[in-house]
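Each chain, written out:
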Protein chains: 4
Amino acid sequence: MARNSIGKNLQITSFGESHGPAVGVVIDGFPANFTLDLMALQSCLDRRRPGQSDITTARNESDQAQILSGVYEGKTLGSPITILIQNADAQSKDYDALKDVYRPGHADWLYNEKYGHRDHRGGGRSSARITAGWVAAGALAMQYLNAQGISITAWVNQVWTIQAPDTNTLPSQTGINGNSVRCWHEETANKMIAAISEAKIQGDSLGGAIRCVVEGMPAGVGEPVFGKLQAVLGLYLLNINAVKGIAFGDGFAASKMRGSEHNDAWKMENGAIVGATNHSGGIVGGMSTGNPIQLDLAFKPTSTIAIAQQTIDAEGNSVTLNATGRHDPCVLPRAVPIVEAMTALVIMDLLLETE
Amino acid sequence: MARNSIGKNLQITSFGESHGPAVGVVIDGFPANFTLDLMALQSCLDRRRPGQSDITTARNESDQAQILSGVYEGKTLGSPITILIQNADAQSKDYDALKDVYRPGHADWLYNEKYGHRDHRGGGRSSARITAGWVAAGALAMQYLNAQGISITAWVNQVWTIQAPDTNTLPSQTGINGNSVRCWHEETANKMIAAISEAKIQGDSLGGAIRCVVEGMPAGVGEPVFGKLQAVLGLYLLNINAVKGIAFGDGFAASKMRGSEHNDAWKMENGAIVGATNHSGGIVGGMSTGNPIQLDLAFKPTSTIAIAQQTIDAEGNSVTLNATGRHDPCVLPRAVPIVEAMTALVIMDLLLETE
Amino acid sequence: MARNSIGKNLQITSFGESHGPAVGVVIDGFPANFTLDLMALQSCLDRRRPGQSDITTARNESDQAQILSGVYEGKTLGSPITILIQNADAQSKDYDALKDVYRPGHADWLYNEKYGHRDHRGGGRSSARITAGWVAAGALAMQYLNAQGISITAWVNQVWTIQAPDTNTLPSQTGINGNSVRCWHEETANKMIAAISEAKIQGDSLGGAIRCVVEGMPAGVGEPVFGKLQAVLGLYLLNINAVKGIAFGDGFAASKMRGSEHNDAWKMENGAIVGATNHSGGIVGGMSTGNPIQLDLAFKPTSTIAIAQQTIDAEGNSVTLNATGRHDPCVLPRAVPIVEAMTALVIMDLLLETE
Amino acid sequence: MARNSIGKNLQITSFGESHGPAVGVVIDGFPANFTLDLMALQSCLDRRRPGQSDITTARNESDQAQILSGVYEGKTLGSPITILIQNADAQSKDYDALKDVYRPGHADWLYNEKYGHRDHRGGGRSSARITAGWVAAGALAMQYLNAQGISITAWVNQVWTIQAPDTNTLPSQTGINGNSVRCWHEETANKMIAAISEAKIQGDSLGGAIRCVVEGMPAGVGEPVFGKLQAVLGLYLLNINAVKGIAFGDGFAASKMRGSEHNDAWKMENGAIVGATNHSGGIVGGMSTGNPIQLDLAFKPTSTIAIAQQTIDAEGNSVTLNATGRHDPCVLPRAVPIVEAMTALVIMDLLLETE
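Residues numbered from 1 in each chain as written. Chains lettered and ligands numbered in written order. Predicted model: local features only at pLDDT ≥ 70, side-chain atom pairs only at ≥ 80, totals over all residues. Heavy atoms only, no water.

A. A look at the overall build of chain A. Counting its regular elements, chain A contains 9 helices and 19 strands. The C-alpha atoms of chain A give 21 Å as radius of gyration, which agrees with the globular expectation for 355 residues (20 Å, within 12%). Each principal axis of the C-alpha distribution contributes one length, and for chain A these read about 65 × 50 × 40 Å. In chain A, which comprises 355 residues, the share counted as buried stands at 66%. The contacts of chain A with a sequence gap of at least 6 include a subset with a gap of at least 24, amounting to 70%. Working note: accessible area of chain A is about 10800 Å², and carbon and sulfur atoms make up 49% of it. Averaging the locations of the 27 positively and 34 negatively charged side chains of chain A gives two centres separated by 3 Å. (Helix = DSSP H or I, 4+ residues; strand = E, 2+ residues; numbered from the N terminus. Rg over C-alpha atoms; globule rule 2.2 N^0.38 Å. Buried < 20%, exposed > 50% of the residue type's maximum accessible area, 1.4 Å probe, protein only. Contact = heavy atoms within 4.5 Å. Areas by Shrake-Rupley, 256 points an atom, 1.4 Å probe, with all protein chains shown as cover. Lys, Arg positive; Asp, Glu negative; His and termini not counted. Charge placed at Lys NZ, Arg CZ, Asp CG, Glu CD.)

B. Representation of the relation of the copies chain A and chain B within the structure. Placing chain A over chain B gives an RMSD of 0.0 Å and needs a rotation angle of 180°, together with 0.0 Å of translation along the axis. What we have between these two chains is a two-fold relation. Mapped onto chain B, 100% of the interface residues of chain A again fall at the interface, so both copies present the same surface. (Least-squares fit on C-alpha atoms with pLDDT ≥ 70 in both.)

C. The pairing of strand β3 (residues 22-28) of chain B, seen in detail. All names here are of chain B. Extensive coverage of β3 is indicated by the burial of 7 of its 7 residues. What you see with β3 is no split at all: A22, G24, V26 and D28 on one side and V23, V25 and I27 on the other are buried throughout. Sheet topology places strand β2 (residues 11-16) next to β3; 6 bridges connect them, and they run antiparallel. Bridging across to β3, T13 finds its partner in V26. (Pairing = 2+ DSSP bridges.)

D. Structural detail: the sheet that holds strand β1 (residues 5-6) of chain A. Residues and elements named next belong to chain A. Here we have 5 strands laid out as an open sheet, ordered β1-β2-β3-β7-β4, and antiparallel in their pairing. Of all the strands in the sheet, the pair left with one neighbour each is β1 and β4 (65-69). Two elements, strand β3 (residues 22-28) and strand β7 (residues 81-86), share 6 bridges in a ladder whose sense is antiparallel. Paired with V23 across the bridge in β7 is I85. Its contacts with the sheet place helix α1 (residues 38-48) against β4 and β7, and it is angled at close to 130° to β4. (Axes fitted to C-alpha atoms, helices over the stretch in contact; angles between N-to-C directions.)

E. Geometry of the environment of I246 of chain D. Here I246 of chain D lies in strand β12 (residues 243-248). A relative accessible area of 0% means that I246 of chain D is categorised as buried. Leave out the neighbours within four places in its chain, and I246 of chain D touches L238, K244, G245, I246 and F252 of chain C together with L233, G234, L237, L238, F252, D296 and L297 of chain D.

F. Representation of the sheet that holds strand β8 (residues 101-102) of chain A within the structure. Residues and elements named next belong to chain A. Taken together, 3 strands build an open sheet; the order of strands is β8-β18-β19 and the sheet is antiparallel. Whereas interior strands pair on both sides, the edge strands pair on one side only; in this sheet they are β8 and β19 (318-321). Strand direction decides the pairing type here: β8 and strand β18 (residues 309-313), joined by 2 bridges, are antiparallel. Among the inter-strand pairings, Y102 is bridged to a residue of β18, identified as I312.

G. Summary view of unusual backbone geometry. One non-glycine residue, R3 of chain C, adopts positive backbone phi at about 65°. Examined against the element boundaries, R3 of chain C turns out to sit in the segment before β1 (5-6).

What follows is the structure in structure tokens.
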């Protein structure tokens, strides 16, 4: 199980199991002499941590970031930054009943098959808890990008069949974080919350979609052949648990268009070249155009549900399973900071290459 | 412009410009002592080459693969395999008029901005011609996978608003290649061809979607954290020109489902564990389940059209452009072997890690 | 300051500063389901830790390894193994006087120049303390190799001008660790200890050489072009602080030989091909031959001395420096486990590729 | 047999067998818009090519560099630069007699063992011919470094027991190339040539050493942990055929020194910090100090000799071998441009990271 590192110029190495002593991340390549805002780092983690609201999982973690290296007197040293997050609420016993049952939608048996040994408690290395380290790393990348005038904004754009209206105005972080579902459009947010609450009562879960927009991008970020901006974004974002699809700009709708509709004409604006329209989502030829980057991520409904399901156990016997762990009716609100973090890590990695 | 290599265990390095002497590929990590079928390699290239039919670009290239290293007496040596494809029909003059005009949907000005120097002829390094090397590499990977009982089948599933019916039966390569649009469903194929022909007359282009299915996959291919099978597929496939989205299994439709609908129950079949349904598209927890892998790729309509468009030139003046190069009304039929090739390269790379 | 990870199949990521909260390592790619001996791990760290004897630095650290991830019920999970070693005796004040002085033989000003910000306490990231993490990682690699019949033995072969006799018999670990200088030959060891004790009194330091032998190597480890066994050993071992040279087999003496003297004839032995002699040090064509691997490392005398030296301060003024930190008269005894660890990491990394 | 690529920011991929159609290299990451001197490139290849003088191998190759990609109108495009060198004098039949014999000092049987298939003609992938591509890549790196005021000079410093005097004055390229053995000191050169000529008549070969000096280095090139300048130089240079050791500055002699002798004091010179002496060979803490870099490489005597030797054949029978291929009595003169090339590739790779 190699491949726990990602990134070329800004490499992050993820470690930790859901119910081990800690999860964390090592960030290598972060430039020296950058003053970090550790409060902002903690605030990103707080947006991801479980137990924030009624519509999410009940696991309770304070997720305090502890910095073990790479920072001295508040500034980065250029050396690897190690961030540790202790696992506090590791109630392993909750999972004893699931030790030899292969849950639908989960990779339990694949772990047994592939590695011959597995930490069955809470999903081990497949747990969404692992993303705490990613969010910590992304929070630092975000600070670096902000200092260069680049901002990243994600929100829950769809829950189940409930979709927010399209908008050309970037939603504010205040608007997005003003409700527990993290959708900027209040009316839609209320419908989403109602649907999730209902699914929760039923022991069921709901899928959805997150939209992410990057503003302030310089032109020319990304490399034209195997380092296309959309491809590297795909690599990072498709590693987020439950993501089953990614699309840029008009995305799948673009596939139903004609060239004369979709082509973004170039124009001069304030002395810079930009696209007059932005069907491409801010990426052409694998490089950023300077227009906002826009992407959509499809999330499957969480596999962890409380409804009875048919499956098999380690001996191949059919069993009926009544619950598959701590029930999380909709993972999307907590996934918003993860999407922002992974997007930030991609942009910073490619930006460091460009510089 | 680094990042012209991709892959960890099977690394391919792409080289060549559209109108330089040649394009090609170096394949590193291909196991030794494997007997290659060079006819099958050429046949993959023939399916990609331009000038095959009325509904594609008129550039005429024989695209003969020339093997410069890594093969001795018909068998691989284990050393890097270098495949060269000469550029024959490099009519550079066609592009003189476009030298200082920044075409809509193309990255011309981004190249100038980023690299300060550009081969403007035929898109240089952004040309779809570059993918000839990828197809050659993928053709060898495909032979390796076939020998292990793995097959990869892609087809044009949608052109513009015309969509093939869903099917649970894998279309045959004969059925797919039986028409110029490479859609297995004859009636749909005819409608697609008619639409492309009409767009061609209008000087316009059409988007569409390709579906790709991998059968015979062993379980456990892919790594659980940053090497998830879907993420590595995303990295490779989103590097294909004009691709604006990728989705796995039910993809974006999964985002409108409930967990109780989407979860694939595990069952025993012939002594092996498999999913009873396959909403997940054969990937759970970042690893293959043994069920067929299914993915969809959204292609934007080709940017190269013959309809007049507004844009700017290198001095920032508004200009009207009447044609943007050799007109290609629909890139999808020729993209089918590219999708198969890139998919094969991913699977082989991860399979070599698993072994 | 990227490049804090090394290895392809077994990647280790080093983190931590000398006087920060902790140093440590993340090990990615270690096979799952391997039972670890944590006592043996600690024992390797104990052989490296400061304060072991009279002839080494006085810094006192217990260097207790704490495992944060990757191990469950005593066995590896296949996921990244994180090992943390707290910095206990971090007497930062000792270094206040050196904050703005650029010590001879040290990289202080290069850090300031390159990174604009520096943890001046105890060498920060250049401290030999960082190698505690390497030794921990190497200790696990050693256990893996031992299980395959491969053993690694290093010893101090030279201190200053005092050299151990050549031997064809592999010294035992007991013999090597039986004295504080870690030289298997008692008479030589006594001379070395006397020389170091004298240098200590003078406030001076001594260079020397370590020899390392790998027995039980399978043939064919290493890759013939840019992954030659000697080159990868060079990459790792030349990263050890104070190492100024590496040589394999007859090494620099080979450069004074004729082909007819140096060529090792092949012969059959117990059904296997081996070299009848081993001038090559067990490596031919970049691959192991199955004969023992033998290499020598030259260490410069430690830069940290207590004798007055001329240098400059941060403003460029000439200053006389009376001490450059905690005096360590000879770093070689403590470097023995580091050499073994780094050698183990190389062999395991290449072995995993071979498998 | 992976690992045919090397480098992080400037990646070179080596391909080709000694007696296949061609050898070559793909260079990825070379900055765009740099005007190349193709005559200088060819001149580097000419210094490496066989058949230059009486004291080298008789194989005759013109080694004409052919550029297939990455250069347009004399300037780099930023895209991969592919350089091809055809194999002209591929007299495969010379090697028929050696097909099933395992030559002393060669890796023939290891190839059979490891890969199960081998191009036995002229060493296949282990041939020194492969380095033609490295020299081509290094020639371009050298041009890039020269434009930044960095020069690299290597010479044969020792043949067998004949050693050139030490010098603090950098020898001129004219002086070095003024004789067939490439030693700047005429008297020593004559002795070396006499010794090689005698060995040639005897069918024997001689080892030796090459010294390489880099002048004009900026301070701070190299990364303090696993990217130490000496370690990356070790990785590249120990991949050169026949190299058995590398040492920096005083090297193995430093191991016999005291700290008070070896430490280089810092001083101000023309407003810059430099070492007052240069025992360290221009590298401290893994980074360049700005002083000249100096390194020595030990070469074993060429394994290919014409004297009768004992060995075994593929069936394990003892055989007497009268010649092991085209006899090359001393590889060192031709290795000089290889050493310069590999050194240039390292410095440029790390320099691109620094920028």
